[in-house]
Structures are given as C-alpha cells and as structure tokens.
Amino acid sequence: MIDVRLKLFGPLKDIASANEIVLSVPPPHNGEAAFKALAALYPRVQEWKSSVWLAVNLEYASFDHILKQGDEISFIPPVSGG
C-alpha cells in the first residue's frame, strides 16, 4: 500500500464531508486502484466514475498512471458555470 493525499471537490467533497483525506492505495498503485479505494470508503462516489478526471500533482493523468507515495491526487468532477 501507498498513501496519497486526495483533494476532493464538488459532489465528491460533499459525499466524503471533507476537503482532503489521506487514501491508502493498494497495488497496482494507479488511479483506478485509488478510485476503487475511495469508493470502498464512500460507495456513493462510484456513480461519478464515468465523469471524473484524474489529476496527479496538479496535472491531468490517465487512470492507469502509476502513483507514488505522497502524491497529491484529485478526481475532478464535471464543472458548470455561467
């Protein structure tokens, strides 16, 4: 397991009732595994899987991106505004 710092926004922030959490990610230590770990803690986030983007250390990344201990990640939900 590795630990990453997960910043939460929008509906994911509401579901977790937190701006940021430390998330333990099992092998293969990628974005997909991180999302599954988050969904294990907060099952309602699963409904957002198809519409979120992964960011690792402030840069967009694919869900197969390999994470490292201490990375800062975010799952960016859709944004709208006017």
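Residues numbered from 1 in each chain as written. Predicted model: local features only at pLDDT ≥ 70, side-chain atom pairs only at ≥ 80, totals over all residues. Heavy atoms only, no water.

Some words on the packing of aromatic side chains
Phase 1 of the analysis: Per the counting criterion, the structure on display carries four aromatic pairs.
Phase 2 of the analysis: Measuring from centroid to centroid gives 5.8 Å for Trp53 and Tyr60, while their planes differ by 70 degrees, and the two rings are edge-to-face.
Phase 3 of the analysis: For Tyr60, a relative accessible area of 59% gives the class exposed.
Phase 4 of the analysis: The rings of Phe35, Phe63 and Phe75 are connected pair by pair, giving a single aromatic cluster.
Phase 5 of the analysis: In this structure, Lys49 is placed above the aromatic ring of Phe35, and the distance from its NZ or CZ to the ring centre is 5.8 Å.
Phase 6 of the analysis: Across from the ring centre of Phe63, 4.1 Å away, lies the NZ or CZ of Lys49, which sits over that ring. (Phe/Tyr/Trp six-rings, centres within 6.5 Å; stacked < 30°, edge-to-face > 60°. Buried < 20%, exposed > 50% of the residue type's maximum accessible area, 1.4 Å probe, protein only. Lys NZ or Arg CZ within 6 Å of the ring centre and 35° of its normal.)

A look at the side chain of Asp71
Phase 1 of the analysis: Tracing the chain through its elements places Asp71 in the loop between strand S4 (59–61) and strand S5 (72–76).
Phase 2 of the analysis: In this structure the side chain of Asp71 is engaged in a polar contact, spanning 3.0 Å, whose partner is the side chain of Asn57.
Phase 3 of the analysis: Apart from residues no more than four positions distant in its own chain, Asp71 is found in contact with Asp3, Val4, Arg5, Val56 and Asn57. (Helix = DSSP H or I, 4+ residues; strand = E, 2+ residues; numbered from the N terminus. Polar contact = N/O pair within 3.5 Å; in protein donor to acceptor, adjacent residues only side chain to side chain. Contact = heavy atoms within 4.5 Å.)

Some points on the environment of Glu59
Phase 1 of the analysis: You can see Glu59 is positioned in strand S4.
Phase 2 of the analysis: On the basis of relative accessibility, which here comes to 56%, the residue Glu59 falls in the exposed class.
Phase 3 of the analysis: Between the C-alpha atoms of Glu59 and Ile73, which are 14 residues apart in sequence, the distance is 9.0 Å.

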